[in-house]
Amino acid sequence: MRGVMQKLGLLLAGVLALSGCVETVKQVSVKSALVDNGISAPVADCMARQMAKKLTIAQLQHLQALGGTKRGWTDYVAAVRRVNDPQALEVLVSSLALCKSGMIR
């Protein structure tokens, strides 16, 4: 019984570690995409943390695939609106508002 519990503990620790790595990769990718689309690096860093926590990988991939030239946050919000994903739009706009206002960093 003890051996099974130890193996289960190791498996759980591995899953938790992997989960942290996935979250970090999501954040880095989101920040890069935001900066590439005209969002300042400090605001993009703040937004990336929120978006990586609240959106699925599939949602983030859809956002990453947005084409066209964007010259800032208004163009980016308009592009996300066209994706027709209300949750992604809500997370984007709320993250943008909270980060730009300084309410979260």
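Refer to the structure presented above.
Below, the structure is looked at part by part. (Residues numbered from 1 in each chain as written. Predicted model: local features only at pLDDT ≥ 70, side-chain atom pairs only at ≥ 80, totals over all residues. Heavy atoms only, no water.)

Here the focus is the nonpolar core. In terms of nonpolar packing, the biggest core is built from 23 residues, with Leu34, Met47, Met51, Leu63 and Leu92 touching the most fellow members. If sequence neighbours within four positions are ignored, Met47 has contacts with Leu34, Ile39, Leu92, Ser95, Leu96 and Cys99. (Core = buried A, V, L, I, M, F, W, Y, C linked by side-chain atoms within 4.5 Å. Buried < 20%, exposed > 50% of the residue type's maximum accessible area, 1.4 Å probe, protein only. Contact = heavy atoms within 4.5 Å.)

Tracing the chain through its elements places Gln27 in helix α1 (residues 2–36). The spacing of Gln27 and Met47 is 20 residues in sequence and 8.8 Å in space, taken between C-alpha atoms. Once residues within four sequence positions are removed from consideration, Gln27 is found in contact with Ala48, Arg49 and Ala52. (Helix = DSSP H or I, 4+ residues; strand = E, 2+ residues; numbered from the N terminus.)

The subject of this paragraph is the packing of helix α4 (residues 73–83) against helix α5 (residues 86–101). Interaxial distance between α4 and α5 falls to 9 Å at its minimum, and their mutual angle equals 160°. Taken as axis vectors, α4 and α5 run roughly antiparallel relative to one another. Seen along the crossing, α4 lies across α5 with a hand that is left-handed. Here Trp73, Tyr76, Val77, Val80 and Arg81 of α4 come into contact with α5, specifically with Ala88, Leu89, Leu92, Val93, Leu96 and Lys100. Among the residues forming the contact of α4 with α5, the class breakdown is nine nonpolar, no polar and two charged. (Axes fitted to C-alpha atoms, helices over the stretch in contact; angles between N-to-C directions. Parallel < 35°, antiparallel > 145°, perpendicular 65-115°, else oblique. Left-handed = near helix turned anticlockwise from the far one by under 90°. Nonpolar A, V, L, I, M, F, W, Y, C, P; charged D, E, K, R; others polar.)

A few words now on the state of the cysteines. Taken as a whole, this structure holds one disulfide when the rule is applied. Two residues share a disulfide in this structure: Cys46 and Cys99, whose sulfurs sit 2.1 Å from each other. Taking the sign of the S-S torsion, about -75° here, the bridge from Cys46 to Cys99 comes out left-handed. On the criterion of sequence distance, the pair formed by Cys46 in helix α2 (residues 41–54) and Cys99 in helix α5 is long-range, its members being 53 residues apart. (Disulfide = S-S within 2.5 Å.)

Where α2 meets α5, the axes come as close as 9 Å, and the angle between the chain directions of the two elements is 145°. Regarding α2 and α5, the two cross each other, and that crossing is right-handed. In this structure, α2 contributes Val43, Cys46, Met47, Gln50, Met51 and Lys54 to the contact, and α5 contributes Gln87, Val91, Leu92, Ser95, Leu96, Cys99 and Lys100.

On to the pattern of salt bridges. According to the stated counting rule, one finds one salt bridge in the structure shown. A salt bridge links Asp45 to Arg49, with the nearest nitrogen and oxygen atoms 3.0 Å apart. Placement of both Asp45 and Arg49 in helix α2 is noted, with a separation of four residues, approximately one turn of the helix. Residue class for Asp45 comes out partly exposed when judged on its relative accessible area of 33%. (Salt bridge = Lys/Arg side-chain N within 4 Å of Asp/Glu carboxyl O.)

Moving on to unusual backbone geometry. Backbone geometry at Asn84 places phi at a positive 65°, although glycine is not the residue there. Along the polypeptide, Asn84 turns up in the loop between α4 and α5. Asn84 sits in the exposed class, given a relative accessible area of 66%.

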